[in-house]
Amino acid sequence: QGFKMRGNLLGVLLILQVHPFFAFLGGNAPMVNHHAFTRKTSRSFCMQGQDTEPQRKVWSGPGNPLKKSSTKSPSFSDDLIEDLTMKRFGNGWIFYGERETTKNKDYDALAKEAEDLVNQRVIRPDAVLVIGSLSVTGQWMTLKTMEQGLNARILTKEFDKAEDCFGTDGANLDIYYGDVFDDAQLENAMEGIKAVIYCDSGSLPFGETSFERLSKQGVERVVEMAKRMPNVRRMVLISSAGGEGVFSNQQLEAQRAGEALLEKAGLSYLIIRAGKMENKLGGMKNIAVSPCSAQEMPTKATITPADVADVAITALMIDDVVFKADMAAAAKGEAPPRLPRVSKGLSIDAWLTEEEAEPDQFTHLLKALSKASG
């Protein structure tokens, strides 16, 4: 009979847990539809909106708001089931009454403590944000950022694919959910960064991946957000020297419009017009750079995504050294030191020569970028 009673009790408890009418007995909050949320550095939901309008919750910080939390919260029902199953014949609660460990137990506080413990993580400061990180060029840009010891951050809606490419969110870099066409998501991703690399580009004259939308409107949105953030010290835009395919004219028109928006924004920028992209191993040939105005790039020049990434990341590393040196000099009341610098507004062509790559590619690019800056 003890076993039969135990089975009946467990059956009742199961009904209490599953049926929504009795959900309050479980001690857990009702399930939240995470699809309605978009996350702060405290890794929590915060409220935005006017008192007179419906408020929506905005996702802050890195992480995937569409992924259901796996946090295990303590509850009264769990304690009750444990008590029943751990006591002889499953009759502990009936014969012995409520145990002392469950009396006056604050399950809400324990649930909050469990959630806070799961959400503890350090968000990498002074990060470089890569937009378009899942394109071939974007992947190399992100990998080169991490390879050179810079803190990397990406913005994408393809969260699972990003983790497949770069590892679990928080392990090697911070993955932010969203895209540039959502103000809250873009602002969240750009909070606290020192530079942004835009390497997204259109592939068709219409639709979600149109030249106009990604190569112009996307750039415009990032530019406008960067203007509101004094922490952004440079924006790098990856463009191309010539169009490719049937829609080359539309491609170039949108890219040049995006470049013009950045040039007129008043931000420090670097525009890299790459030669024809070849999906080959980088680091094999010498990289040449020159101001776009010089028109020195050969007509059929090529370059690899990895080499384009080397140019962009070298420029940001130079910026880092110069920024720290200038800050140290200012603290001492001294003039800025004489160092190789990348101009505050620089548009360059980048291509590969026929010569083998220099053994010290960084020094080679440092000199080339400094020369191009005048």
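The coordinates are above.
Residues numbered from 1 in each chain as written. Predicted model: local features only at pLDDT ≥ 70, side-chain atom pairs only at ≥ 80, totals over all residues. Heavy atoms only, no water.

(A) Structural view of the pattern of salt bridges. With the rule as written, the count across this model stands at 15 salt bridges. Close ionic contact of Arg233 with Asp320 constitutes a salt bridge, the shortest N to O distance being 3.2 Å. Placement of the pair is Arg233 in the loop between helix 8 (211-227) and strand 7 (234-240) and Asp320 in helix 10 (residues 305-331), with a sequence separation of 87 residues. On the accessibility criterion, Asp320 (11% relative accessible area) is buried. Members of the salt-bridge network, linked through shared partners, are Lys194, Arg233 and Asp320. (Salt bridge = Lys/Arg side-chain N within 4 Å of Asp/Glu carboxyl O. Helix = DSSP H or I, 4+ residues; strand = E, 2+ residues; numbered from the N terminus. Buried < 20%, exposed > 50% of the residue type's maximum accessible area, 1.4 Å probe, protein only.)

(B) Local environment of helix 11 (residues 361-372). Its 12 residues give helix 11 an end-to-end C-alpha distance of 16 Å, which sits within 8% of 16 Å, the value for a rise of 1.5 Å per residue. Listed as buried for helix 11 are Gln361, His364, Leu365, Ala368, Leu369 and Ala372. Mapping the buried residues of helix 11 onto a view down its axis gives an arc of 125°, with all of them on the same face. Those residues of helix 11 that are exposed and aimed more than 90 degrees away from the buried face are Lys367 and Lys371. Once helix 11 finishes, Gly374 follows within two positions and takes phi at roughly 80°, a positive value. (Expected span 1.5 Å × (residues − 1). Arc of directions from axis to C-beta.)

(C) The packing of helix 10 against helix 11, seen in detail. Between helix 10 and helix 11, the least distance of the axes is 10 Å, while the angle of their chain directions is 75°. Between helix 10 and helix 11, the crossing angle belongs to the class labelled roughly perpendicular. Here helix 10 contributes Asp310, Val311, Thr314, Ala315, Met317 and Ile318 to the contact with helix 11, which in turn contributes Phe362, Leu365, Leu366 and Leu369. Looking at the contact of helix 10 with helix 11, its residues break down into 8 nonpolar, 1 polar and 1 charged. (Axes fitted to C-alpha atoms, helices over the stretch in contact; angles between N-to-C directions. Parallel < 35°, antiparallel > 145°, perpendicular 65-115°, else oblique. Contact = heavy atoms within 4.5 Å. Nonpolar A, V, L, I, M, F, W, Y, C, P; charged D, E, K, R; others polar.)

(D) Structural context of the nonpolar core. Membership of the largest hydrophobic core comes to 43 residues, with the highest contact counts inside it found for Met141, Ile197, Ile272 and Ile348. With 10 residues, helix 10 is the largest single contributor of residues to this core. Leu186, Tyr198, Leu214 and Leu237 belong to the second largest nonpolar core, which has 28 residues in total. (Core = buried A, V, L, I, M, F, W, Y, C linked by side-chain atoms within 4.5 Å.)

(E) Inspection of the sheet that holds strand 3 (residues 128-131) at higher detail. Across the sheet, which stays open at both edges, the 8 strands sit in the order 5-4-3-6-7-8-12-10 with mixed pairing between neighbours. Edge positions in the open sheet fall to strand 5 (174-177) and strand 10 (285-291), since each of these has one partner strand only. Taken pair by pair, the neighbouring strands of this sheet meet at an average axis angle of 25°, ignoring direction. Pairing geometry for strand 6 (residues 195-198) and strand 7, over 4 bridges, is parallel. Note that in strand 7 the partner of Tyr198 across the bridge is Leu237. Against the sheet, helix 9 (residues 248-263) makes contact with strand 7, strand 8 (269-274) and strand 12 (345-356), and its axis sits at roughly 160° relative to strand 7, the strand it touches most. (Pairing = 2+ DSSP bridges.)

(F) Local environment of the side chain of Glu259. Looking at where Glu259 falls in the secondary structure, it is placed in helix 9. For Glu259, a relative accessible area of 2% puts it in the buried group. Among the polar contacts made by the side chain of Glu259, one reaches the side chain of Arg256 at a distance of 2.9 Å. What Glu259 contacts, discounting residues up to four positions off in sequence, is Leu237, Ser239, Ile271 and Arg273. (Polar contact = N/O pair within 3.5 Å; in protein donor to acceptor, adjacent residues only side chain to side chain.)

(G) Region of the structure containing the packing of aromatic side chains. All chains considered together, the criterion is met by 0 aromatic pairs. In this structure, Arg213 is placed above the aromatic ring of Phe181, and the distance from its NZ or CZ to the ring centre is 3.9 Å. Here the basic side chain of Arg233 rests over the ring of Phe323, its NZ or CZ set 3.8 Å away from the ring centre. (Phe/Tyr/Trp six-rings, centres within 6.5 Å; stacked < 30°, edge-to-face > 60°. Lys NZ or Arg CZ within 6 Å of the ring centre and 35° of its normal.)

(H) Spatial organisation of the environment of Met317. Its place among the elements puts Met317 in helix 10. The spacing of Met317 and Phe362 is 45 residues in sequence and 9.6 Å in space, taken between C-alpha atoms. Sequence-distant contacts of Met317, that is, excluding residues within four places in its chain, are made with Gln148, Leu150 and Phe362.

(I) How the structure looks around the pairing of strand 5. In strand 5, alternate side chains face the same way, and those of Asp174 and Tyr176 on one face and Ile175 and Tyr177 on the other are all buried. As defined by bridge partners, strand 4 (residues 152-156) adjoins strand 5 across 4 bridges and the pair is classed as parallel. From the neighbouring strand, Thr156 faces strand 5, where its bridge partner is Tyr177. Handedness of the β-α-β unit built from strand 4, helix 6 (residues 159-166) and strand 5 comes out right-handed. (Right-handed = clockwise from strand over helix to strand, strands pointing away.)

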